[in-house]
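Commentary on secondary and tertiary structure
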Amino acid sequence: MTRLARSFLLIASAVAMTATAATAHDRPRAARPAAAAASSTTLVGIAAANPDFSTLVAAVQAAGLADTLSGSGPFTIFAPNNAAFSTLPDGTVERLVQPRQRAQLTRILTYHVVPGRISASDLATAVRVGGGSAVLSTVEGGRLTAQDAGRGRLRLTDSTGETFWITATDVNASNGVIHVIDGVLTPGH
């Protein structure tokens, strides 16, 4: 079995264990109405509650992905914050949220999503087992490469060869986990 295959098996088993363990931990608090608790603890609800993700949330809504990413999942989202979106050329975000660009926006956003709940520890283990890198398959159908950047830091490389830092990890939601990145990933053509 290759190191890459072992990495995928390790991630898959870690995802299964994490999903099972997370069920009791992620129950909504009884003090809030059930509908409000469920929506505010999903990936989209957590992002919407954080002003640093307002651009991402607007893009998710424009692409019509809010319901999907609020569904049962689980999903792992490598989420660009507003500062990451601000590094794009002027007018890019405004152009992408236009209705005629919905397919392209959906493709870009789903490239930031990996099926399953992959914690930072799971990802670091897969990278270590993979000899310094691990390939992740995205919902969009592309691949991301996670790499060891030394001193416990990880970075992602997209299909264009651009590399971005994972700046915050393990923002847990009822239907997955968010890891914050400092750039916007680009899927292949």
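Before reading further, recall that the structure is shown in the block above.
Every chain is numbered independently, its residues counted from 1 as its sequence is written. In view of the model being predicted, local features appear only for residues whose pLDDT reaches at least 70, and side-chain atom pairs are presented and counted only at 80 or more, with totals across whole chains, interfaces and linings using the full set of residues. Only hydrogens and water are set aside; all other atoms, that is, all heavy atoms of the structure, feed into the side-chain values.

Remarks on the packing of aromatic side chains
As a reminder of what qualifies: Under the pairing criterion, centres of Phe, Tyr and Trp rings, with the six-membered ring standing for Trp, must be within 6.5 Å; the plane angle then separates stacked pairs below 30 degrees from edge-to-face pairs above 60, leaving the rest tilted. In this scheme, the term charge over a ring applies when either NZ of a lysine or CZ of an arginine sits within 6 Å of the ring centre and within 35 degrees of the ring normal.
In total, this model carries zero aromatic pairs according to the counting rule given. The ring of Trp-165 carries Arg-153 above its face, with NZ or CZ at 3.9 Å from the centroid.

Concerning the sheet that holds strand 3 (residues 133-137)
Two modes of strand pairing occur in sheets, parallel and antiparallel, and in both the strands are linked by backbone hydrogen bonds. Going by this rule: When DSSP finds two or more bridges between two strands, those strands count as paired. Elements are defined by DSSP. Helices are runs of H or I of four residues or more, strands are runs of E of two residues or more, and each kind is numbered from the N terminus. The convention used is that axes are lines fitted to C-alpha atoms, helices contributing only their stretch in contact, and that angles between N-to-C directions extend from 0 to 180 degrees.
Spatially, 2-1-7-6-5-4-3 is the arrangement adopted by the seven strands of the open sheet, whose pairing is mixed. Two strands close off the open sheet at either side, each with one partner strand: strand 2 (113-115) and strand 3. Along the sheet, successive strands turn relative to each other by an average axial angle of 30 degrees, direction set aside.

Section: unusual backbone geometry
Quick note on the threshold: Only protein chains enter the calculation, and the probe is 1.4 Å; a residue is then buried if its accessible area is under 20% of its type maximum, exposed if over 50%, and partly exposed in between.
Going from Gly-73 to Pro-74, the amide bond is cis rather than trans, its omega being 0 degrees. Within the secondary structure layout, Pro-74 lies in the loop between helix 5 (66-69) and strand 1 (75-80). At Arg-151, a residue that is not glycine, the phi angle is positive and equals roughly 50 degrees. Residue classification places Arg-151 among the exposed residues on the basis of a relative accessible area of 82%. Even without glycine at this site, Asp-170 takes up a positive phi of about 55 degrees. Its place among the elements puts Asp-170 in strand 6 (residues 163-173). With a relative accessible area of 31%, Asp-170 lands in the partly exposed category.

Comments concerning the pattern of salt bridges
We apply this condition: What counts as a salt bridge is simple: a side-chain nitrogen of Lys or Arg found within 4 Å of a carboxyl oxygen of Asp or Glu.
Tallied over the full model, the rule gives one salt bridge. Two residues, Arg-107 and Glu-140, come together in a salt bridge whose shortest N-O distance is 3.2 Å. With Arg-107 in helix 8 (residues 102-110) and Glu-140 in the loop between strand 3 and strand 4 (143-148), the pair connects residues that are 33 residues apart, well separated along the chain. In this structure Arg-107 comes out as partly exposed when scored by relative accessible area, which is 31%. Residue classification places Glu-140 among the partly exposed residues on the basis of a relative accessible area of 22%.

Quick notes on the environment of Thr-87
We apply this condition: Here a polar contact is taken to be a pair of N or O atoms separated by no more than 3.5 Å, where protein atoms must pair a possible hydrogen donor with a possible acceptor and residues adjacent in sequence count only if both atoms sit in side chains.
Mapped onto the fold, Thr-87 is located in the loop between helix 6 (82-85) and helix 7 (92-96). The spacing of Thr-87 and Gly-183 is 96 residues in sequence and 7.4 Å in space, taken between C-alpha atoms. A distance of 2.6 Å separates a polar side-chain atom of Thr-87 from the backbone oxygen of Ala-84.

Structural notes on the nonpolar core
Going by this rule: Buried Ala, Val, Leu, Ile, Met, Phe, Trp, Tyr and Cys residues that are joined via side-chain atoms within 4.5 Å together make up what is termed a nonpolar core.
In this structure, Leu-56, Val-60, Leu-69 and Leu-109 are the most contacted members of the largest nonpolar core, which totals 25 residues. It is helix 4 (residues 54-63) that provides the largest number of residues to this core, a total of five residues. The next biggest cluster of nonpolar side chains, apart from the first, holds 17 residues, and it includes Phe-78, Ala-134, Leu-156 and Leu-185.

With respect to the pairing of strand 3
Relative to strand 4, strand 3 is paired through five bridges, and the arrangement is antiparallel. Along strand 4, the bridge assignment pairs Ser-137 with Arg-143. Where strand 3 folds back onto strand 4 in an antiparallel hairpin, the turn is made up of five residues, including Gly-141, whose phi is positive at roughly 105 degrees.

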